[in-house]
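Chain by chain, the residues run as shown.
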Amino acid sequence: MPAAGQLRPALVAGALRRWLAQTAHIDLPSPECQLTAPAAIEPGALTRRPYFCSGCPHNTSTKVPDGSRALAGVGCHYMATWMNRNTSGLTQMGGEGADWIGLSRYTRTRHVFQNMGEGTYFHSGYLAIRQAIAAGANITYKILFNDAVAMTGGQPVDGSISVPQICQQMLGEGAKRVVITTDEPEKYRGVALAAGVAVHHRHDLDRLQRELREVAGVTILIHDQVCAAEKRRRRKKKAFPDPARRVFINTAVCEGCGDCGTQSNCLSLTPVETPFGRKRAIDQSSCNKDYSCVDGFCPSFVSVLGGAPRKGTRGTPDRDPWKELDGALPEPVFKTYRATCNIIAAGIGGTGIVTVGAILSMAAHLEGHAASILDITGLAQKGGAVISHIRLSNSAQSSGAVRIDAQQADVAIFCDAVAATNPETLAVLKHQHTLTVLNTYLAPTAEFTRDPDVDFNPEHLIQTIRAAAGASATHQINAQDLAARLFGDSIMANMMMLGFAWQSGAIPVSAAAIDQALVLNGVAAQANQEAFIAGRMLAHKPEALAQLARPEAQAVPVHFPELLAKIVERCRADLSAYQNAAYAKRYTDVVDAVLAAEQRCRPNAKPVLAVKVAQALHKLMAYKDEYEVARLFTNGEFRRELSEKFEGGFTLQFHMAPPLLARRDPATGIPRKISLGQGTEKVLAVLARCKTLRGTWLDIFGYSAERKIERKLIDDYRQAILAAAEKLDEGNFATLLALAELPQIVRGYGHIKMANIDQYQAKFKVLQERL
C-alpha cells in the first residue's frame, strides 16, 4: 500500500486505467493500489437493490445503441450504471463530460453519451455543455427532462425552465443538432421551437442516437417524460391526468421469454407460476401506466379501456361492513413494556414503510408519549430496502438511542422477506420474544428484469426469519394478495400488517390514536383505516374477511414436482384441444417409449428423464402459431380471468403484429406491433376454428420460416430422443437428460424466438454429438 502522500496519484491512475480499459479496450496491468468495485453479489442471491420506478422515464431514456457508451452523473439516472446499459462513471454537478474531454484524445472511442437531468442542467450542467462545445468534443448530452428533482423526493426545479428554452440555449451556444423525444409528441402541437428542432416519439430513440453519434461536435437529445413517481403522487391528488387504460397479460399466450422486461425494464412485471411454466402478469397496484411493456414482441398484451381493478364487497348507504367489523373486534390484551416498545419495520421503498413509522409516532404523540424513528432509506424510495427503527416510550420522556440494539426488538413488521433477511435487521430479533408479522408475498427484484428464470422461491427466506424469531413467534400472511382482493390495491398490505400486530397486543397505542394519525396524514385516510381494521380481523377471526374479499383467482394449483401421470394427462388434453386426439397420441407414444427405456435402465427409481421429455415435447408440439393464439384468446379462460381482475364496463384493445398487416421497422427490420379494436375477438374466434388447416397446403401461415423451423424442431427432437432412449444406460443418462430439457429455452415470438432457437440448435448439436 502506498504512503499517504502517494495515495491520490494512485487513485487517479486506477480510475484512468479502468476508463481506458472500458473505452479503448486496452488491457493494462493492475497497479499496486486501485479503486475497487463493490463486492459482487453471490450468483442467484436475491437483493432488494434500488432501481428505477415502474414506468420511470429513465427506463427508456438511459438506453444506448449497440456499440456506444454513456457516462453517468448526479441523479436517479446514475442507477443505470448497474443495469447492464454500458453506462459508467460519476462526476459532480457541472462536471458532466469534463472527463471525456480529457480522455477522448487517448482512446479509439470516437463518441460518448452523457446523461444529465434538467435540474442539473439548470444548476450548473449548462456550463459543462458550454465547456464541451468550446473544446470541440464529440459528445451527445441526453438531457432527461422529467419535470421534478425526482431523486430527493420530487421537488420542483429551482427556477423557470422549459424544453423550448433549453433548445434555444443549446443552439445559441453552438450545439450541432438538437432533437426532442417524448412519450407524448402530441403535446408539442402549436409549441414554438427553435428552427431545425424536431419532436419524435420515444420509439425513435435508438435511431436518433445512432444518427447523433455520427455528428462531429456536441449534440443534444432532450427526453421529455414526466417522472413516474410524480405522476403517481399527482394522480392521487387529482392533479394529473389518469388514463382509463390498464394493460393485462393473457398468461396462456405469454411465453415467459422476458422481452417485455427487456423493453420496459419495469418492476411491475411479476412472475406467475403455472403448470406450463413461468409466465408474466402486471401488478396493477404498482403500475404507473407507462405502457412500454406493450412494446415486448408478444401478442399476450391487451389494453383494458374503462375498467378498474376489482375490489371486494363495498358498503351501501344503509350498511358499512367495515364499521360492523370494527364493532365486532375485541380490545386486545396489551403487552406491558418497562420503558419502550421497540418496533423494527422492513419493506420496499415507495410502498409505505416510512409511513408506518410516521403513523405510529404521531399516534404516540397524540397520547402524550415520546417516540423516535430512524429510517434507513438511501436510494430506497426507488424500490430498494427500507428499514425503520421505531421506539415508542411509555412516557413523555425519550428513552435514549434511536437505533434498536441487537436482540432488542419487541415487534417486527416484515412487509418484504428480502429486506427482512438483511443481517443487520435479523440481528435485532430475539428468539421467541419478538412478535414477527411476515408478508409471504415475494415481490420481483431487479434481477427479474434481466433474468426471466431467476429463482423466486421465498421458502428459504421465510425459514431464515422463522429461525431468527422463533416459529411460534412468527405469523405468516400473504398480505399482498389479501389487500388486492379486499381493496383492489396491494399498497394497503403494510397497514393491514400493522393492524395484525396491533390486534396481537404488541403495540401500546390506542386504535383511536392510530385512526386520528391516519386522518392527519391526509392520504387515503378511509382506505387506510379499513386496511387497519382488516389486519385486526385477520389476527382475530380471519374467516370473517372471506365475505368481503373478492374470490381468489381460479388458477390451476401447481405442486412441484408434479407426478409424471399428471403431467402427461394435462399435456395430452391440451394437445387434443390444440389440434386433435391423433396429434396428442404422437406425444404420448414418445413419452411412453422414454418411460419404458428409463425403467429398464433404472428399475427402482422415480422417473426423471420421462418427466423432462413430457414437459419439453409438449412445449415444442404446442407452438403458438396464429391459430393457437386465437384459441387461447377465445376459449373462455381469457374472459374469465378478465372478469376476476377487473370491474365496470370496459372494452379491449389488442396489441399484435399480424404477419399480413404489421409493417417492419426500417432500422431493425422487426415487425411493429399495431393496436386492434374490440372486433378483433370475433376475427380470432373464426381463426381459432381454422386450426384444422394447420400443417396442410391451405395453411397460409405455415409457409413462413418460423413455422417451418418449429415443425422441424419437433421432428428432430422426437427422433433424437427415441434413438437415444434405445441405447440408454448410466453412461449417457446425464447427457440425454440435458438434451431432454433443452427445448425449455425455446420461448417467445418472431425474432425473439428465432434467436432462442439459434441457441437451442447450437446446444442440441453438441449434446447429440456426445450421444
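Now for a look at the structure at hand. Just so we're clear, the structure is a prediction, and the values are computed from it rather than from any experiment.

## Quick word on empty space enclosed by the protein
For step 1, the next point in the chain: In the structure shown here, the tally under the stated rule is 4 cavities of 30 Å³ or more.
For step 2, the next point in the chain: The computed volume of the largest cavity comes to approximately 110 Å³.
For step 3, the next point in the chain: For the largest cavity, the lining is made up of 15 residues, of which Cys266, Ser268, Cys287, Tyr291 and Cys293 are closest to its centre.

## Focus: the sheet that holds strand 5 (residues 177–182)
For step 1, the next point in the chain: Read from one edge to the other, the open sheet built from 7 strands follows the order 2-1-3-4-7-5-6, with strand pairing classed as parallel. In the strand order of this sheet, the two ends are held by strand 2 (87–88) and strand 6 (198–201), each with one partner.
For step 2, the next point in the chain: Here 4 bridges tie strand 5 to strand 6, and the two strands are oriented parallel to one another. Within the sheet, the bridge partner assigned to threonine 181 lies in strand 6 and is histidine 200.

## Concerning the sheet that holds strand 8 (residues 245–249)
For step 1, the next point in the chain: One open sheet accounts for 4 strands, arranged 8-11-20-21; its pairing is antiparallel. In the strand order of this sheet, the two ends are held by strand 8 and strand 21 (674–676), each with one partner. Adjacent strand axes in the sheet meet at a mean angle of 30° when their direction is disregarded.
For step 2, the next point in the chain: For strand 8 and strand 11 (residues 301–305), the ladder comprises 5 bridges, and the chain directions are antiparallel. Each bridged residue has a counterpart across the sheet, and for arginine 246 the counterpart in strand 11 is valine 304.

## Some words on helix 26 (residues 750–770)
For step 1, the next point in the chain: Helix length check: helix 26 (21 residues) gives 30 Å between terminal C-alpha atoms against 30 Å at 1.5 Å per residue, within 8%.
For step 2, the next point in the chain: All of the buried residues along helix 26 are Gly750, Ile752, Lys753, Asn756, Ile757, Tyr760, Phe764 and Leu767. Along the axis of helix 26, the buried positions cluster into a sector of 120°, meaning they face one direction only. Those residues of helix 26 that are exposed and angled more than 90 degrees off the buried face are Asp758, Lys765 and Glu769.

## Thoughts on the packing of helix 18 (residues 564–578) against helix 20 (residues 609–621)
For step 1, the next point in the chain: As a packed pair, helix 18 and helix 20 sit with axes 10 Å apart at the nearest point and diverge in direction by 15°. It follows that helix 18 is roughly parallel to helix 20 by the angle criterion. When the axes of helix 18 and helix 20 are compared, the crossing they make is left-handed. Only Ala610, Val611, Ala614, Gln615, His618 and Met621 of helix 20 make contact with helix 18, whose side of the interface consists of Leu564, Ile567, Val568, Cys571, Asp574, Leu575 and Tyr578.
For step 2, the next point in the chain: When its residues are assigned to classes, the contact of helix 18 with helix 20 shows 10 nonpolar, 2 polar and 1 charged.

Cut-offs applied
- Residues numbered from 1 in each chain as written.
- Predicted model: local features only at pLDDT ≥ 70, side-chain atom pairs only at ≥ 80, totals over all residues.
- Heavy atoms only, no water.
- 1 Å grid on protein atoms, 1.4 Å probe; cavity = no way out; pocket = protein on both sides within 12 Å on 5 of 7 lines; lining within 4 Å.
- Points joined across faces, edges and corners; volume = space filled by probe spheres on them.
- Pairing = 2+ DSSP bridges.
- Helix = DSSP H or I, 4+ residues; strand = E, 2+ residues; numbered from the N terminus.
- Axes fitted to C-alpha atoms, helices over the stretch in contact; angles between N-to-C directions.
- Expected span 1.5 Å × (residues − 1).
- Buried < 20%, exposed > 50% of the residue type's maximum accessible area, 1.4 Å probe, protein only.
- Arc of directions from axis to C-beta.
- Parallel < 35°, antiparallel > 145°, perpendicular 65-115°, else oblique.
- Left-handed = near helix turned anticlockwise from the far one by under 90°.
- Contact = heavy atoms within 4.5 Å.
- Nonpolar A, V, L, I, M, F, W, Y, C, P; charged D, E, K, R; others polar.

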